[in-house]
Structures are given as structure tokens and as C-alpha cells.
Amino acid sequence: MSTYRFDWKNVVYGSIEIEANCGKDAEEILMNLSLKDLLEKSQSNSDKNERAIRFADAGQHFQSLDKDDWDKLKENL
């Protein structure tokens, strides 16, 4: 068995309720939340069709393959 490391990206979206005195304050609270806090406090989802591999490492001889190279070689690695 081999170990593969992936650098990936995924579009995540969510919904959160924030109590504030006005819309500007609510937006400021939203924009200042850390990603961890935002995900914990939100109902979130992801479109799995938007998930993509940016780079892949497949051992010491195949490091930092971009998406196109990975797609070409993954069957043989």
C-alpha cells in the first residue's frame, strides 16, 4: 500500500444566523469569524462536483503532479 498526498480545493457554502444591532454590524461579525468558527456555527454543504485536486504527491519519484499529470498517471501509480 502506498501513501498519496493531495492538495485540494472545494467550494463550501452555508447559512448562519447572527444577532446584531444592524446589518452592517452583522456583516462585520460574519466577515471576522475564523473559518473554523464559521463552519462550526453554520449549516454548511458542499457541491461535490466542485471538488478538485490541485496537486498530488505519489511517492518520492512523483511529487507535485498537477491535476492534468495526475489524471494521466493515476492508474499507474
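The following paragraphs examine the structure supplied in this document. It should be emphasised that the depicted structure is a prediction, and the values quoted were computed from it without experimental measurement. (Residues numbered from 1 in each chain as written. Predicted model: local features only at pLDDT ≥ 70, side-chain atom pairs only at ≥ 80, totals over all residues. Heavy atoms only, no water.)

1. Quick look at the side chain of S42
Summarising the element assignment, S42 is placed in the loop between helix 2 (35–41) and strand 3 (43–46). Setting aside chain neighbours within four positions, we find S42 in contact with S15 and I16. (Helix = DSSP H or I, 4+ residues; strand = E, 2+ residues; numbered from the N terminus. Contact = heavy atoms within 4.5 Å.)

2. What to know about the sheet that holds strand 5 (residues 65–66)
Taking strand neighbours across the sheet as the criterion, the three strands line up as 1-4-5 in an open arrangement whose pairing is antiparallel. Only two strands of the sheet have a single partner each, and these edge strands are strand 1 (5–9) and strand 5. Pairing of strand 4 (residues 52–57) with strand 5 involves two bridges; the strand directions are antiparallel. Across the sheet, residue F55 finds its bridge partner in strand 5, namely D66. (Pairing = 2+ DSSP bridges.)

3. Here's the deal with the packing of aromatic side chains
In this description, a pair of aromatic rings is defined by centroid distance and the angle of the planes. Overall, the coordinates contain two aromatic pairs when judged by the stated rule. Aromatic side chains Y4 and W70 sit 6.0 Å apart centroid to centroid with 70° between the ring planes, which places their arrangement in the edge-to-face category. Here W70 lies in helix 3 (residues 67–73) and Y4 lies in the segment before strand 1, a separation of 66 residues in the sequence. Overall, the relative accessible area of 31% leaves Y4 in the partly exposed class. Residues F6 and W70 carry aromatic rings whose centres are separated by 5.2 Å and whose planes lie at 85° to one another, so their mutual orientation is edge-to-face. With a gap of 64 residues between them, F6 in strand 1 and W70 in helix 3 connect regions that are remote in the sequence. On the basis of relative accessible area, W70 is assigned to the buried category, the value being 9%. One aromatic cluster is present, built from ring pairs that chain together Y4, F6 and W70. (Phe/Tyr/Trp six-rings, centres within 6.5 Å; stacked < 30°, edge-to-face > 60°. Buried < 20%, exposed > 50% of the residue type's maximum accessible area, 1.4 Å probe, protein only.)

4. Observations concerning the pattern of salt bridges
Under the defined criterion, the tally for this structure stands at five salt bridges. Residue K67 pairs with D71 through a salt bridge whose shortest N-O separation is 2.8 Å. Of this pair, K67 and D71 both sit in helix 3, separated by four residues, roughly a single helical turn. Assessed through its relative accessible area of 39%, K67 is described here as partly exposed. (Salt bridge = Lys/Arg side-chain N within 4 Å of Asp/Glu carboxyl O.)

5. Brief notes about the environment of S15
Tracing the sequence through the fold places S15 in strand 2 (residues 12–15). Through-space distance from the C-alpha of S15 to that of T3 is 36 Å; in sequence the pair is 12 residues apart. Beyond its immediate sequence surroundings of up to four residues, S15 is in contact with S42 and Q43.

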